[in-house]
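# Chain and residue survey
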Amino acid sequence: MSRIGKLPVHLPEKVSVSVDAENVVKVKGPLGELAQKVHPDIKVTVDGNTITFERPTDQPRHRSMHGLYRALVANMVQGVSKGFEIQQEFVGVGYSVETQGQIIILKLGYSHDIHFMLPAEVKCEAAPVKKGQNPVLILRSCDKQLLGQVAAKVRSMRRPEPYKGKGIKFVGEVLRRKAGKSASAK
């Protein structure tokens, strides 16, 4: 039995869920509305303020879908009620980030600035830079999957390098560092 799949999803206040005939789960809350198509083999039941998932057999593919769809719907419920946030730190001399509406302007040591357009569902904010600290970009959204994709795309503009750690990293991320050249012993 899937340990994740058999856990019910509890709905907070102001969040409503509906399942249509095509097995599409729609979650609506104060921060937005999300929809997810669920495989027809997985039965989704909304009872009061809980959502439960059932699978027809114990086949490996049914077991994996059972836990997968429960986790996706749980993330949707959390997203429309609380939202998700990712913070990225820009480490390097002269590295900075500015926001103008849905456009992020990245200065990453290249000969030009990079202008990155965000999807409408993702909100951004550049935290004020304090003396001695690195610039931080804060991304917020109700869609966890889209937020992760956008954060990965921003990070791919300048990945952290292993010697000095320069680049775009997630706040709190521990980078694996390498030792540089050592002076030869005479």
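The rules behind each value
- Residues numbered from 1 in each chain as written.
- Predicted model: local features only at pLDDT ≥ 70, side-chain atom pairs only at ≥ 80, totals over all residues.
- Heavy atoms only, no water.
- Pairing = 2+ DSSP bridges.
- Helix = DSSP H or I, 4+ residues; strand = E, 2+ residues; numbered from the N terminus.
- Axes fitted to C-alpha atoms, helices over the stretch in contact; angles between N-to-C directions.
- Contact = heavy atoms within 4.5 Å.
- Expected span 1.5 Å × (residues − 1).
- Buried < 20%, exposed > 50% of the residue type's maximum accessible area, 1.4 Å probe, protein only.

### Re the sheet that holds strand β11 (residues 123-127)
Across the sheet, 4 strands lie side by side as β11-β12-β7-β13; this open sheet has antiparallel pairing. For this open sheet the edge positions go to β11 and β13 (167-170), each flanked by a neighbour on one side alone. Sheet twist, expressed as the mean angle between neighbouring strand axes with direction ignored, is 25°. Examined bridge by bridge, strand β7 (residues 84-91) and strand β12 (residues 136-141) share 6 bridges and lie antiparallel to one another. Residue pairing in the sheet places E89 in a bridge with V136 of β12. Helix α2 (residues 144-155) rests against β7, β12 and β13 of the sheet, and its axis sits at about 5° to β7.

### Topic: helix α1 (residues 60-81)
With 22 residues, α1 ought to run about 32 Å at 1.5 Å a step, and its terminal C-alpha atoms sit 32 Å apart, in line with that. Within the span of α1, buried status applies to H62, M65, H66, G67, Y69, R70, V73, A74, M76, V77, G79 and V80. Buried positions along α1 lie against β1 (9-10), β3 (24-29), β4 (32-37), β6 (50-54) and β7. Downstream of α1 by a residue or two, G83 has a phi angle that is positive, lying close to 90°.

### Some details on the sheet that holds β4
The sheet built from 3 strands is open, its strands ordered β2-β3-β4 with antiparallel pairing. Of all strands in the sheet, those with a lone pairing partner are β2 (16-19) and β4, marking the two edges. For this sheet, the mean angle separating the axes of adjacent strands, direction not counted, is 15°. When β2 meets β3, the two strands line up antiparallel, connected through 4 bridges. Paired with V17 across the strands is V27, a residue of β3. Those strands touched by α1 are β3 and β4, and its axis lies near 170° from that of β4.

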